[in-house]
Amino acid sequence: MLPATFKLCAAISYRHLRNMTGLRRQAAVAISQELSRLACRGTGPGTWINQVRRRSSLLSSRLEEKPFSEMEMSYIKQGEEALQKSLSILEDQDGWKTETVVDNGDKVLSKVLPDVGKVFRLEVVVDQPLDAVYGELVDNMEQMGDWNPNVKEVKILQKIGKDTVITHEKAAATPGNIVGPRDFVSVRCSKRRGSTCVLAGMSTKYGAMPEQEGFIRAENGPTCMILRPLPGSPSQTKLTWLLSIDLKGWLPKTIINQVLSQTQVDFANHLRERLARTVAVNC
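Here we summarise the structure given alongside this text. Because the structure is predicted, anything quoted here is derived from the model rather than measured.

What counts and what doesn't
Residues numbered from 1 in each chain as written. Predicted model: local features only at pLDDT ≥ 70, side-chain atom pairs only at ≥ 80, totals over all residues. Heavy atoms only, no water. Helix = DSSP H or I, 4+ residues; strand = E, 2+ residues; numbered from the N terminus. Buried < 20%, exposed > 50% of the residue type's maximum accessible area, 1.4 Å probe, protein only. Areas by Shrake-Rupley, 256 points an atom, 1.4 Å probe, with all protein chains shown as cover. Polar contact = N/O pair within 3.5 Å; in protein donor to acceptor, adjacent residues only side chain to side chain. Contact = heavy atoms within 4.5 Å. Phe/Tyr/Trp six-rings, centres within 6.5 Å; stacked < 30°, edge-to-face > 60°. Lys NZ or Arg CZ within 6 Å of the ring centre and 35° of its normal. Pairing = 2+ DSSP bridges. Axes fitted to C-alpha atoms, helices over the stretch in contact; angles between N-to-C directions. Parallel < 35°, antiparallel > 145°, perpendicular 65-115°, else oblique. Nonpolar A, V, L, I, M, F, W, Y, C, P; charged D, E, K, R; others polar. Salt bridge = Lys/Arg side-chain N within 4 Å of Asp/Glu carboxyl O.

Topic: the overall build of the protein chain
1) Next: Helix and strand counts for the protein chain come out as seven helices and 11 strands.
2) Next: In the protein chain, buried positions account for 41% of the 283 residues.
3) Next: With the model as given, the accessible surface of the protein chain reaches about 16300 Å², and the carbon-plus-sulfur share is 53%.

Points about unusual backbone geometry
1) Next: Going from Gly 221 to Pro 222, the amide bond is cis rather than trans, its omega being 0 degrees.
2) Next: Within the secondary structure, Pro 222 is located in the loop between β9 (219–220) and β10 (223–230).
3) Next: We note that Lys 248 has phi near 60 degrees; this positive angle belongs to a residue other than glycine.
4) Next: Structurally, the position occupied by Lys 248 is in the loop between β11 (233–246) and α7 (253–282).
5) Next: Using a relative accessible area of 29% as the deciding quantity, one classes Lys 248 as partly exposed.

Quick look at the side chain of Asp 163
1) Next: Relative to the helices and strands, Asp 163 resides in the loop between β4 (151–160) and β5 (164–171).
2) Next: By relative accessible area, Asp 163 is classed as buried at 18%.
3) Next: Of note is the side chain of Asp 163, whose polar atom sits 3.0 Å from the side chain of Lys 191.
4) Next: Sequence-distant contacts of Asp 163, that is, excluding residues within four places in its chain, are made with Arg 188, Cys 189, Ser 190 and Lys 191.

Here we look at the side chain of Gln 236
1) Next: On the secondary structure map, Gln 236 appears in strand β11.
2) Next: At 2.4 Å, the side chain of Gln 236 forms a polar contact with the side chain of Asp 127.
3) Next: Polar side-chain contacts of Gln 236 include one of 2.9 Å to the side chain of Ser 233.
4) Next: Among all residues touching Gln 236, those that are not within four sequence positions of it are Val 125, Val 126, Asp 127, Gln 128, Arg 228, Pro 229 and Leu 230.

Let's talk about the packing of aromatic side chains
1) Next: This structure, assessed with the given rule, holds three aromatic pairs.
2) Next: When the centroid spacing of 6.2 Å and the interplanar angle of 45 degrees are considered together, the rings of Tyr 75 and Tyr 206 count as tilted. One end of the pair, Tyr 75, is in helix α4 (residues 70–91); the other, Tyr 206, is in the loop between β7 (196–203) and β8 (216–217), and 131 residues separate them in sequence. Assigned by exposure class, Tyr 75 and Tyr 206 land together as buried.
3) Next: By the ring-pair criterion, three or more aromatic residues cluster together here, those being Trp 147, Trp 241 and Phe 267.
4) Next: One cation-aromatic arrangement involves Arg 121 over Trp 96; the distance from NZ or CZ to the ring centre is 5.2 Å.
5) Next: The residue whose ring lies beneath Arg 192 is Tyr 134, and the NZ or CZ to ring-centre distance is 4.9 Å.

Looking at the pairing of strand β3 (residues 117–126)
Along any regular strand the residues' side chains alternate between the sheet's two faces.
1) Next: Burial of β3 is extensive: seven of the 10 residues sit out of reach of the surface.
2) Next: Hairpin connection, strand β2 (residues 107–113) to β3: the antiparallel pair is bridged by three residues.
3) Next: Bridge count between β3 and β11: eight bridges; the pairing is antiparallel. Along β11, the bridge assignment pairs Val 126 with Thr 237.

Considerations on the packing of helix α5 (residues 130–139) against α7
1) Next: Put simply, α5 and α7 touch, their axes get as near as 11 Å, and they point 110 degrees apart. Viewed along their axes, α5 and α7 adopt a mutual orientation that is roughly perpendicular. Taken together, the residues of α7 that come into contact with α5 (itself represented by Ala 132, Val 133, Glu 136 and Leu 137) are Phe 267, Leu 271, Arg 274, Leu 275 and Thr 278.
2) Next: Counted by class, the contact of α5 with α7 contains six nonpolar, one polar and two charged residues.

Re α5
1) Next: Where burial is concerned, most of α5 is hidden: seven out of the 10 residues are buried.
2) Next: Of all the positions in α5, only Leu 130, Val 133, Tyr 134, Gly 135, Glu 136, Leu 137 and Val 138 are classed as buried.

Comments concerning the pattern of salt bridges
1) Next: This model, assessed by the stated rule, comprises 15 salt bridges.
2) Next: Ionic pairing is found between Lys 191 and Glu 80, a salt bridge with its closest N-O pair at 3.0 Å. Taken as a pair, Lys 191 in strand β6 (residues 182–193) and Glu 80 in helix α4 lie far apart in primary sequence, 111 residues in all.
3) Next: By relative accessible area, Glu 80 is classed as partly exposed at 27%.
4) Next: With a closest N to O distance of 3.0 Å, Lys 118 and Glu 99 form a salt bridge. Taken as a pair, Lys 118 in strand β3 and Glu 99 in strand β1 (residues 97–101) lie far apart in primary sequence, 19 residues in all.
5) Next: Owing to a relative accessible area of 28%, Lys 118 belongs among the partly exposed residues under this scheme.
6) Next: Taking relative accessible area as the criterion, Glu 99 reaches 30% and is therefore assigned partly exposed.
7) Next: What you see here is one network of salt bridges that share partners, running through Glu 80, Lys 162, Asp 163 and Lys 191.

Dropping the structure here:
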């Protein structure tokens, strides 16, 4: 058995080390080395020493974890704000007007909000399970330009934790160049809780991505997509997309409204085609 004094000192040292903030990794390493030296001298049973060493090693790895910077925390907060504001807009069922209804049941609604402007709401059912839709929109977001003609490119500029990313998106010009090329820098936040997924975002500032030649820097948000399994049919997904966007430049409101509602309808069709091709390839 180890001497009682040594066991007490070791326990106190470990608790002290675990509870101190800002302690450097060298302290944890020194303890591990000292315990190894004592074990070689036969001071006590190797099992006990190894357990403490494993705890010390675990502690050193925790000390190496880097906390978020002030700027990263700011981006995380922006993403959370976009999510909360988007959900509050969608939860209010009053004042929505129909913009477009398609034969397959897809529909686009809109309403005007005092502090945001005109927002659009797409409601569709996709004949694919939620995991497939989520994977395409989140895990494979940089491939969106491969299947959505309205998108030229999506690039992840920075990942912050597991839920937040900064992206740069280039939108393609509309047919006839009615609306010229736009680009966006956005903070995106994805949350998945049980059978519901929420993908939210809004425009942000990012020093490493200044305005690009040939593109007008537009702004979006708050915006979000909500994915849920269709009640009674888990192989289908209900998708709701809240779109809030300022295209900048001089454009008549009638053209903006037509372009944005049609963009949402087109997106649903392109997403279905993409998922169908993906399923066919995997079969």
